[in-house]
Amino acid sequence: MTTAVRAARRPCTLVVCRGCCCGDRRKNPGFDHDGQLRTLRAAAADSGGRFAVRTTDCLGPCGQANVVVVQPSSTGRAAGGRPVWVGFATDDDSTWELVRWASAGGPGLVEPPAALELQFVPAPRAAGARTRR
């Protein structure tokens, strides 16, 4: 007897860096980093499961703090969406642009807001990755 295991549908996920530089008042004074996280989490809770928020340690591009990675949902990935790295997310406008994009479906399903596209940064190379010479 075989049992079919169905993978749960994963929503679009905002991975918020809170490592060494992101979320640090000394690096970005005048921005309410804790308030940003509260806003993102409250919006996710109110989204009816359309998107999720999680935090992680340092993602790498510290010079572009605060960094948020927008991971596509299962459906978005199946449609060709890939993780998008957003840097310099240190104002209310970018926070709400992230919420709107994730709520609408995120990568693979919905085009990002034009203003947010200006904040896209390249993903850092994997630690320990070897380059060919």
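All of these numbers come straight from a predicted model, not from anything done at the bench.

Q: Help me out: how do you make sense of helix α3 (residues 92–104) in this one?
A: In this model, α3 (13 residues) spans 18 Å end to end at C-alpha, consistent with the 18 Å of a helix rising 1.5 Å per residue. Among all positions of α3, only Ser94, Thr95, Glu97, Leu98, Val99, Trp101 and Ala102 are buried. Those residues of α3 hidden inside the fold are in contact with β1 (12–17), α1 (33–46), β2 (51–56), β3 (68–71), β4 (84–86) and α4 (114–117). Structurally, the start of α3 carries an N-cap: the backbone nitrogen of aspartate 93 is 3.1 Å from a side-chain oxygen of aspartate 91. After α3 finishes, the residue glycine 105 shows a positive phi value of roughly 135 degrees.

Q: Would you take a moment to explain the pairing of β2 for this structure?
A: Each regular strand shows side chains that alternate between the opposite faces of the sheet. Pairing geometry for β1 and β2, over six bridges, is parallel. When the bridges of β2 are listed, valine 16 appears paired with threonine 55. In terms of handedness, the path from β1 via α1 over to β2 forms a crossover that is right-handed.

The rules behind each value
- Residues numbered from 1 in each chain as written.
- Predicted model: local features only at pLDDT ≥ 70, side-chain atom pairs only at ≥ 80, totals over all residues.
- Heavy atoms only, no water.
- Helix = DSSP H or I, 4+ residues; strand = E, 2+ residues; numbered from the N terminus.
- Expected span 1.5 Å × (residues − 1).
- Buried < 20%, exposed > 50% of the residue type's maximum accessible area, 1.4 Å probe, protein only.
- Contact = heavy atoms within 4.5 Å.
- Polar contact = N/O pair within 3.5 Å; in protein donor to acceptor, adjacent residues only side chain to side chain.
- Pairing = 2+ DSSP bridges.
- Right-handed = clockwise from strand over helix to strand, strands pointing away.

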